[in-house]
Amino acid sequence: MTENADREGRPVGRRVILGILGLGAVAVPIGGRLQDVTDGLLATVSSKDPTGLTGLLPGGGGFRFYSVADSIPHRSSADYRLTVNGLVDRPATYTLEELKAMPRTRLVRDVQCVTGWRVPQTPFAGVRLSHLLETAGVKPEARALHFTCFDGVYTESLTLEQARRPDMLVAYEMQDKPVTAAHGGPVRLYAAPMYFYKSAKWLAGITVTDRVIPGYWEPRGYDIDAWVGRSNGRDDDSTG
Ligand SMILES: Nc1nc2c(c(=O)[nH]1)N[C@H]1C(S)=C(S)[C@@H](COP(=O)(O)O)O[C@H]1N2
Ligand SMILES: [Mo]
């Protein structure tokens, strides 16, 4: 398979999704063994979409699959860990069970990708970022959060003030089911009031920092403060 470049000239790996399209099956070889992709990564591959490698997820009610990495990273529920560190009094690493034992929040909001597609009224459940921050004890000089992913590539950021909002979740359920590997499971971020690129999939680490470290897409042209309807050129209604 060839590597394609999108319209801004960045290389986008397409081997995996094209392999999946070729297979037309719900099991794909990743890391040398077959793994279930319950969503079934079929249908379209858009070369015009600047936010990466995409494919429609048929069972997903209009969701598209996005990954800037070449493959779907996979971590079992048992092996999953989330690290919270940086400018905190009590750095910690949590298992999925430990996250599920924390106060649970379920939100039903619209999912809005910056490229235009939208999935209305999607349930997400998990633990509030604010709860994890309170548990960790944020130091006075802290200003922001830096998120890392176990795809080894993607990163995101929020200011501390944004992260403390009640609609910012570390989510382990999406559409009232465990977050699938394709959707970033076992655990992804869900930044409800922001464009979906803020909702980092395959979440591995939260580092509290003294300044915003722009995320993956942000040096590539998207706003750091990604409020739906108020950023990425939407302020002046120039792009609808
Ligand atoms: N790790 C990681 N997280 C990511 C992305 C990505 O490429 N890698 N893409 C973002 C973008 S642009 C969107 S629209 C959503 C897509 O989530 P979905 O694949 O569950 O539809 O994930 C966001 N989080
Ligand atoms: Mo997106």
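Analysis parameters
Residues numbered from 1 in each chain as written. Chains lettered and ligands numbered in written order. Predicted model: local features only at pLDDT ≥ 70, side-chain atom pairs only at ≥ 80, totals over all residues. Heavy atoms only, no water. Helix = DSSP H or I, 4+ residues; strand = E, 2+ residues; numbered from the N terminus. Buried < 20%, exposed > 50% of the residue type's maximum accessible area, 1.4 Å probe, protein only. Contact = heavy atoms within 4.5 Å. Areas by Shrake-Rupley, 256 points an atom, 1.4 Å probe, with all protein chains shown as cover. Pairing = 2+ DSSP bridges. Axes fitted to C-alpha atoms, helices over the stretch in contact; angles between N-to-C directions. Phe/Tyr/Trp six-rings, centres within 6.5 Å; stacked < 30°, edge-to-face > 60°. Lys NZ or Arg CZ within 6 Å of the ring centre and 35° of its normal. Core = buried A, V, L, I, M, F, W, Y, C linked by side-chain atoms within 4.5 Å. Arc of directions from axis to C-beta. Near = heavy atom within 4 Å. Polar contact = N/O pair within 3.5 Å; in protein donor to acceptor, adjacent residues only side chain to side chain. Nonpolar A, V, L, I, M, F, W, Y, C, P; charged D, E, K, R; others polar. Domains from an automatic or database assignment. Salt bridge = Lys/Arg side-chain N within 4 Å of Asp/Glu carboxyl O.

- Per an unreviewed UniProt entry, the protein is named Molybdopterin-dependent oxidoreductase, and its organism is Streptomyces hyaluromycini.

1. Notes on the overall build of the protein
- When its secondary structure is counted, the protein shows four helices and 16 strands.
- A total of 240 residues make up the protein; the buried ones form 51% of that total.
- By sequence separation, contacts in the protein at least 24 residues apart represent 60% of the contacts at least 6 residues apart.
- Accessible surface for the protein amounts to roughly 10,700 Å². Of this, 50% is attributable to carbon and sulfur atoms.

2. Let's talk about the sheet that holds strand S7 (residues 81-86)
- Strand order in the open sheet formed by five strands is S8-S7-S16-S11-S12, with mixed pairing between adjacent strands. Each having just a single partner strand, strand S8 (92-95) and strand S12 (155-159) make up the two edges of the open sheet. Recorded for the sheet is a direction-independent mean angle of 15° between the axes of neighbouring strands.
- Sheet topology note: the strand S11 (residues 144-149)/S12 ladder contains five bridges and is antiparallel. Directly across from Leu145, in S12, lies its bridge partner Leu158.

3. Some thoughts on the packing of aromatic side chains
- Applying the stated criterion across every chain, the model contains twelve aromatic pairs.
- Geometrically, the ring pair formed by Trp117 and Phe196 is edge-to-face, given 6.3 Å between the ring centres and 80° between the ring planes. Separated by 79 residues along the polypeptide, Trp117 in the loop between strand S9 (105-112) and strand S10 (118-128) and Phe196 in the loop between strand S15 (188-191) and strand S16 (203-209) bring together distant segments of the chain.
- Under the relative-accessibility criterion, Trp117 is labelled buried at 11%.
- Between Phe124 and Phe196, the aromatic rings sit 6.4 Å apart at their centres with planes inclined by 70°, giving edge-to-face as the arrangement. Residue Phe124 is found in strand S10, and its partner Phe196 is found in the loop between S15 and S16; the two are separated by 72 residues along the sequence.
- By relative accessible area, Phe124 is classed as buried at 0%.
- Each member of the aromatic cluster is reached from another via a ring pair, and the members are Phe63, Tyr66, Trp117, Phe124, Tyr190 and Phe196.
- Arg75 extends its terminal NZ or CZ atom over the ring of Phe150, reaching a point 4.3 Å from the ring centre.

4. Looking at the nonpolar core
- Of all hydrophobic cores here, the largest spans 62 residues; its most connected members are Leu129, Val170 and Ile206.
- Setting aside chain neighbours within four positions, we find Val170 in contact with Leu82, Ala125, Gly126, Val127, Leu129, Leu132, Val187, Arg188, Leu189, Leu203 and Ile206.

5. A word on helix H3 (residues 129-136)
- If you check which residues of H3 are buried, you get Leu129, Ser130, Leu132, Leu133 and Ala136. For H3, the angular spread of the buried residues around the axis is 160°, confining them to a single face.
- One or two positions beyond H3, positive phi appears at Gly137, with a value near 75°.

6. Things to note about the site of ligand 1
- Around ligand 1, the structure places 20 residues, and the nearest of them are Arg64, Asp151, His183, Arg188 and Lys201.
- Taking Ser199, its main chain carries an N or O atom lying 3.1 Å from a nitrogen atom of ligand 1.
- Taken together, the residues of the shell around ligand 1 sort by class into twelve nonpolar, four polar and four charged.
- Split by domain, the shell around ligand 1 shows at least three residues from each of two domains, domain 1 (1-65) and domain 2 (81-220).

7. Some remarks on the pattern of salt bridges
- Scanning the model with the defined rule gives eight salt bridges in all.
- With a closest N to O distance of 2.9 Å, Arg106 and Asp176 form a salt bridge. Of this pair, Arg106 sits in strand S9 while Asp176 sits in the loop between strand S13 (168-174) and strand S14 (177-178); the two residues are 70 residues apart in sequence, bridging distant segments of the chain.
- A residue is classified by how much of its surface remains accessible, and Asp176, at 42% relative accessible area, is partly exposed.
- The salt bridge partner of Lys198 is Glu156, with a shortest N-O separation of 2.9 Å. In this pair, Lys198 sits in the loop between S15 and S16 while Glu156 sits in strand S12, placing the two residues 42 residues apart along the sequence.

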